[in-house]
Amino acid sequence: MSPRQDLLLVGEVYVDFTLPKAGAESKLRLGGIVHAARGLWAIDTNFSVAAACPGYLVDQARAYLKRLGCSEFIWLAEVNGAPNVMAIGDPTELADQAYQDILRDEKSVEYRGEVDALKTFKTCLIFPGKYDLTVLRSLLAEDVQASFDIAYDLPDLQSLSSFKGNIAAVVTSTSSPMFLEKASEDMSSLLADLRDLSPQAILLKENRGGSRVFDLRGDEVDEIPALLGETVNSVGVGDVYSAVFASMLGGAVFDAGWKAARAATCYAQTTYPDDFKRDVQRSLALSVDQMRGLGGTVLPWHARPAFQIYFAAPDFSYVDRTHLEEALRALAYHNFRLRRPVQENGELTPQSSMHEMRAAYLGDLGLLKECDLVFALPLERDPGTLVEIGLALALKKPVITYDPLAENTNTMVMAGSTVYSTKLDSCLNGLFDVMSRLRATRS
């Protein structure tokens, strides 16, 4: 059989079920590697799919992927014991707790026999799952060039050892368990381990802070900015990024990263495929030089703790902490260095003396002066938080004000804040943007 030129996507097919919530309808669509397929469809790239999925999904997945232009659908392995349904709590939420793979621990995967066609593919992009990668290697061509998205479902890098010498690229993200274990403080150890596998390139996706592409052939690195806007959907965005990047590796590595980032941005802004494809086509009509000229937000994971954020909020034990905890989780998820005055200087009681109150005031004021910017959450028009906003403005420090209940629609608060919004998504974007500009002035 002659070698195939189309890119082979290997991985699991899921059903993504967005749980219903107030003011929004539930949504059901095919996910897993189907997200990656939508990315390739949007850039008019030829591709085939080798899928691991339960038997009940095969016909539906084959038919849908054919409509996306999939050249061949190979049922690689059957998933038993689980429906491959991903329950999604909030499609705009980026934290891991928003996703639940139903019956994941009961899942097993059994390879099927009709896989001879796999040896005809020259290139593939593999999303590891419950299936055995060593067995998969034996089914592929000896000279195959494989790329891997190892953001999830890879227990260790040793699992990729059978592909050493045949790896085009390794893609990971700052939310992956392996990154958090090996590289949350420093990239050197993870980079060294990945270099041992001899890939041509490494792509690190850093969420709203952009991405870094490491070209190991020339020992160079490029920072690719994020284009921040309203996040309509976060599910599958990384898969689209990986697929478009892998499909373009025949050219310049950095150019592939810039174009793939654009496609991923478009996927985050809609869940309607036709709108996605239209937006991708428009975006990729720009040259890479034009993309570079337009700029964006660059804030690498490891640069974020260099900036201290003062958390101005009624961060007390006795208040309704729903919105507080939501913000704190998001800030921790993105590796921000948060200074919490109530936690550091103590929580006062109604019986506190004037001496104790003055000591807390001076401690909080000193902490505010140390910080680079303020993230404010003035719940119930908390007077202390509003005073802290005013002090920060007087000190000419950027203030991001998250007002989820729209209680502080005051000219001084709204106009004085660098960013004011009732949406956490907008405030996070503002925080990344402000920090990116602060970093640029320091460098």
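Being a predicted model, the structure only gives us computed values, none of them experimental. (Residues numbered from 1 in each chain as written. Predicted model: local features only at pLDDT ≥ 70, side-chain atom pairs only at ≥ 80, totals over all residues. Heavy atoms only, no water.)

Visitor: Explain the nonpolar core to me, please; I cannot follow it from the model alone.
Guide: Generally speaking, a soluble globular protein has its nonpolar side chains buried in company with each other. The biggest cluster of nonpolar side chains holds 59 residues, and the ones touching the most others in it are Leu9, Val13, Phe47, Val49, Leu65, Phe73 and Phe245. Counting residues per element, this core draws most heavily on helix α7 (residues 253–268), which supplies 11 residues. If we skip the residues at most four places from it in the chain, phenylalanine 73 touches Val49, Ala51, Val58, Ala61, Arg62 and Leu65. Core analysis: the next-biggest nonpolar cluster, separate from the first, contains 43 residues, Val10, Val79, Ala146 and Val170 among them. (Core = buried A, V, L, I, M, F, W, Y, C linked by side-chain atoms within 4.5 Å. Buried < 20%, exposed > 50% of the residue type's maximum accessible area, 1.4 Å probe, protein only. Helix = DSSP H or I, 4+ residues; strand = E, 2+ residues; numbered from the N terminus. Contact = heavy atoms within 4.5 Å.)

Visitor: Honestly, the environment of tyrosine 241 in this entry has me stumped. Any pointers?
Guide: Within the fold, tyrosine 241 resides in helix α6 (residues 237–247). Expressed as a C-alpha distance, the spacing of tyrosine 241 and alanine 359, which sit 118 residues apart in the sequence, is 51 Å. Every residue in contact with tyrosine 241, bar those within four places of it in the chain, is listed here: Leu203, Lys205, Ser211, Ile224, Gly257, Ala260, Ala261 and Ala264.

Visitor: Even after reading the chapter, I still don't get unusual backbone geometry, so can you show me in this structure?
Guide: Apart from glycine, the bulk of residues carry a negative phi angle, and the bulk of peptide bonds sit in the trans form. The backbone of asparagine 84 sits at a positive phi, close to 55 degrees, despite the residue not being glycine. You can see asparagine 84 is positioned in the loop between β4 (70–80) and β5 (85–88). Asparagine 84 gets classed as buried once you look at its relative accessible area, which sits at 0%. One non-glycine residue with positive phi stands out, namely lysine 396, at about 60 degrees. Position of lysine 396 relative to the elements: it lies in the loop between α13 (383–394) and β17 (399–402). Looking at lysine 396, the relative accessible area reads 76%, which means it is exposed.

Visitor: Help me understand the pairing of β17, please; the structure alone is not making it clear to me.
Guide: Side-chain direction in a regular strand flips from residue to residue, so the side chains alternate between the two faces of the sheet. Side chains of β17 alternate between two faces, with Val399 and Thr401 and Ile400 and Tyr402 buried alike. Once you follow strand β16 (residues 373–376) into α13 and on to β17, the crossover reads as right-handed. Alignment of β17 against strand β18 (residues 419–421), held across 3 bridges, turns out to be parallel. In the strand pairing of β18, isoleucine 400 is matched with valine 419. You can see the chain leave β17, run along helix α14 (residues 411–416) and come back into β18, and the turn it takes is right-handed. (Right-handed = clockwise from strand over helix to strand, strands pointing away. Pairing = 2+ DSSP bridges.)

Visitor: Would you mind showing me how to read the pairing of strand β3 (residues 47–53) here?
Guide: Along β3, 7 of the 7 residues are buried, which leaves the element largely enclosed by surrounding structure. Because side chains alternate across β3, one face comprises the buried residues Phe47, Val49, Ala51 and Cys53, and the other comprises Ser48, Ala50 and Ala52, equally buried. Of the pairings in the sheet, the one linking strand β1 (residues 7–18) to β3 comprises 6 bridges and is parallel in character. Bridged to leucine 7 within β3 is phenylalanine 47. For β3 and β4, the ladder comprises 6 bridges, and the chain directions are parallel. Looking at the pairing, phenylalanine 47 lines up with cysteine 70 of β4.

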